[in-house]
Amino acid sequence: MKIAVIGQSLFGQEVYKELVKEGHQIVGVFTIPDKDGKADPLATEAEKDGVPVFKFPRWRLKGKGIPEVVMQYKAVGAELNVMPFCSQFIPMEVIDFPKHGSIIYHPSLLPRHRGASAINWTLIHGDKKGGFTVFWADDGLDTGPILLQRECDVEPDDTVNTIYNRFLFPEGVKGTVEAVRLIAEGKAPKITQTEEGATYEGIQKKDNAKISWDQPAEAIHNWIRGNDKVPGAWAEVDGQRVTFYGSSLAENASSLDGQPLDIPGASRPGQVTKNGLVLFGNDGKTLVVKNLQFEDGKMIPASQYFHSGDSSTVELTEEEKSFAEEIRGVWKGILTNVADIQDSTDFFKSGAASMDVVRLVEEVKLRASGLQVQNEDVYMASTFQEFIQMLVRKLRGEDGEEELVVDYAEMNVNNMTIKMPHQLFINGQFVDAEGGKTYQTINPTDGTGICNVSLAQVSDVDKAVAAAKEAFENGEWGRMNPRDRGRLIYRLADLMEEHQEELATIEAIDSGAVYTLALKTHVGMSIQTFRYFAGWCDKIQGCTIPINQARPNRNLTFTKRVPIGVCGIVIPWNYPLMMLAWKTAACLAAGNTVVLKPAQVTPLTAVKFAELTAKAGFPKGVVNILPGAGSLVGQRLSDHPDVRKIGFTGSTPIGKQIMKSCAVSNVKKVSLELGGKSPLIIFSDCDMDKAVRMGMSSVFFNKGENCIAAGRLFVEESIHDLFVKRVVEEVKKMKIGDPLDRSTDHGPQNHRAHLDKLVQYSDTGVKEGATLVHGGKQLDRPGFFFQPTIFTNVEDHMYIAKEESFGPIMIISKFKDGDVDGVLKRANDTEFGLSSGVFTKDINKALYVSDKLQAGTVFVNTYNKTDVASPFGGFKQSGFGKDLGEFPAQSSNFYSLPGIVGCEN
């Protein structure tokens, strides 16, 4: 379609980019004028593509469209207006002009929270559900018919920024693009908005953001977070307006030692504690505020309220003075409207906005490798002198935080300097292995060494288990209430998100994962997993049980779910960080402690993760990471009498050995996610384009190193040849190369031994008589690159029909037209049952086939669509137990146990 994009901001920019990817013609972009000489991101992106860009200061004058503006708009000939984020009033003659009308993105579940501050009011009202709406524009205020809605949970401590960045931005972009797709297909609904439950709230401004103290703590918390960061909830304190940021509900915070702070109107004085400013609602409950901002713009940690003027000025060395001048240049590059950056220059009073904060933080990170600077630091040191003093203190290690000593291996790659810990992580410290033993981890892209990594020994396992046991039985972790445990896990997820580019880069060089996939899936889903299970921490519950005894009505039995204790986790090399997250997040949410062995060939994101747990504030001993050999470390964990649970993902033979060891040692619990040979059945009545696209993904996703990969495709005879032809055409288009290249589709295999196995596997297929249609060879280039491979005419008795390749090898067999039960029998003729799939437009056939397939997951007309809320696991020799969803945290087979209490009155 011919589309006019009317809007602004990074959100508008992302919607524009995705619409271009979808093949739509953007005939014009209409956005706001440049501000302080800077173009809006949407304008910058469109101008780069040569799309006409219009920057009208206004569209209407005295309620009517400006004729010359409207004429320029109509000249582009749009068939649809897409308004992803628009702060201007658009005349109805523009709204109604296109053939398909206009659609608008709104960040609330309409009809609730109509108006410009919808996200603020979602939080202020304490809504449990938030989300967004794409609706058809009309002449009302957010009253047009609904086209599409998506909802999300609102977390207890969400702010405008967190819910926007977590859901409203990324899913809003997808939703807006999906809405356009529905319009193009003629399937877009127009659902009239009901007035039942409709609300309209005005724009939140500083003047009406004053805190009312005569309400419960939760309402005060919602008011503060609903105004964080803009416009900022405030109150009069010591005769001046003070703005409150970073609120969280807190249990037992009143017991913390602190200095009283009188706040006019509050039910009782606040308490300035080491954790922040504790505030009280009229219900006696408490909340804690992290940061305070004064009228002059200066922001401080709330814990430093009585000491905000105490810090003395640090005298800079010559080297530090040189660094300060370099940073002055950065400020000058951002504050282009300021002639000279003085020590007293205030970043925000000079016109800087939130995007400038992000840029400043990133610029500092580039110039001071390893310096941990966050957006909050800019707000707390807003003048140039304060900012330099803060940076220098951090560089000297004088910022008051307990130092974690890390011996980094550094590498300049992917336009950044990555810093990789490479030692064991035991009891909150990075340490060498017993005897100083190390091994070299290899970059599969070129076969060169990345760094030496400590190689754990049996004695190291014993130390780690002892630390985990102590943390569980006697440490802070064992005494921590579930909600505080959840806050720690949320904080860890936030840190992972802050380091997501670095984590994805490490994943790419250590495992060969394509960077874009590593960013979205390896790292992105890991972050989602920790956030999901953080929410489960205070929802792991027991039940009451009626019992029949000799003395009726005087007995009560109830259960409470309790953590198991020390859990050993052994993970594979295909998704190093994601497999860590799938098992560790549930384990921690239930209150256990962890000793984890990453795959020996891909240890680096695991030890980087260890560093982030320390920075998140996890108590010592809760998380321990031991790179090393499975035969040594994994075996010792399975045998260890103080380990109460093993979670393992890997091959079926090793899984069997672990089961034996767990039984013989101390009958420890075990969950196994093992091998697979997942069948994908493609019927002739499928959507061929989708079947080709998803069939490719089912095999070649993550270079085929995917536990649920379709190990065998069964294609109905009448479409077999066409399907093969289409797949071969698409495979030939795949770009194989450097995983850090953003255009690469297919990176190197994980390690040399696996590459050799794939070559041998393909040779076996050829020798058995299968037809090699494409690939089957190692590429003639450095590194561990293997051609995407396609076999046809694969018969049921062949080795490649029965055994998993765990690589980019598509195994295709045909079946007779209409022989549904016959192909089901062939698909189920395997000892594995991890996953499966079916493509058909016949819903009855889809339901019948999915019911008969013997697999833990059945995908219908899609593939690889896993989600953190959906349980994942297999049947038969693919293992037992589930990762993800509520089961790992709740079930007695996994990370918590039902403790039974009997009472009598």
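As the structure is a prediction and not an experimental result, all values here were calculated from the model. (Residues numbered from 1 in each chain as written. Predicted model: local features only at pLDDT ≥ 70, side-chain atom pairs only at ≥ 80, totals over all residues. Heavy atoms only, no water.)

Student: Just give me the short version of the packing of aromatic side chains, but keep the residues and values in it.
Tutor: Under the criterion given, the structure shown has 30 aromatic pairs. With 5.2 Å between their ring centres and 85 degrees between their planes, Trp331 and Phe384 make a pair best called edge-to-face. Of this pair, Trp331 sits in helix 9 (residues 318–334) while Phe384 is found in helix 12 (residues 384–396), placing the two residues 53 residues apart along the sequence. Ring pairs connect the aromatic residues Phe11, Tyr105, Phe132, Tyr164, Phe167 and Phe169, which therefore count as one cluster. A cation over an aromatic ring shows up here: Lys190 above the ring of Trp136, its NZ or CZ 4.5 Å from the ring centre. Note that Arg781 overlies the ring of Phe785, its terminal NZ or CZ placed 4.1 Å from the centroid. (Phe/Tyr/Trp six-rings, centres within 6.5 Å; stacked < 30°, edge-to-face > 60°. Helix = DSSP H or I, 4+ residues; strand = E, 2+ residues; numbered from the N terminus. Lys NZ or Arg CZ within 6 Å of the ring centre and 35° of its normal.)

Student: With reference to specific residues and values, describe the packing of helix 17 (residues 515–534) against helix 18 (residues 576–589).
Tutor: Contact geometry of helix 17 with helix 18 gives a least axis separation of 8 Å together with a crossing angle of 5 degrees. Comparing the axis directions of helix 17 and helix 18 gives the class roughly parallel. Along its contact with helix 17, which presents Thr521, His522, Val523, Met525, Ser526, Thr529, Phe530 and Phe533, the element helix 18 presents Pro576, Leu577, Met578, Leu580, Ala581, Trp582, Thr584, Ala585, Ala586, Leu588 and Ala589. Split by residue class, the contact of helix 17 with helix 18 holds 14 nonpolar, five polar and no charged. (Axes fitted to C-alpha atoms, helices over the stretch in contact; angles between N-to-C directions. Parallel < 35°, antiparallel > 145°, perpendicular 65-115°, else oblique. Contact = heavy atoms within 4.5 Å. Nonpolar A, V, L, I, M, F, W, Y, C, P; charged D, E, K, R; others polar.)

Student: Which residues make up the layout of surface pockets, and what values go with them?
Tutor: Computed from the structure, the second largest pocket encloses a volume of approximately 930 Å³. Together, 37 residues line the second largest pocket, and Trp573, Phe648, Gly650, Ser651 and Ile654 are the ones closest to its centre. Elements with a minimum of two residues in the lining of the second largest pocket: helix 20 (630–639), strand 28 (645–649), helix 21 (652–666) and helix 24 (752–767). Taken together, the residues of the lining of the second largest pocket break down into 16 nonpolar, 16 polar and five charged. (1 Å grid on protein atoms, 1.4 Å probe; cavity = no way out; pocket = protein on both sides within 12 Å on 5 of 7 lines; lining within 4 Å. Points joined across faces, edges and corners; volume = space filled by probe spheres on them.)

Student: Explain empty space enclosed by the protein to me, using residue names and the numbers behind them.
Tutor: Enumeration over the complete set of coordinates arrives at two cavities of 30 Å³ or more. In this structure, the largest cavity encloses a volume near 100 Å³. Put simply, the parts of the chain that give the lining of the largest cavity at least two residues each are strand 31 (710–716) and strand 34 (809–815). Split into classes, the residues belonging to the lining of the largest cavity amount to seven nonpolar, seven polar and two charged. By volume, the second largest cavity is sized at about 60 Å³. Mapped by element, the contributors of at least two residues to the lining of the second largest cavity are strand 30 (678–682) and strand 35 (832–833). Grouping the constituent residues of the lining of the second largest cavity by class yields five nonpolar, seven polar and two charged.

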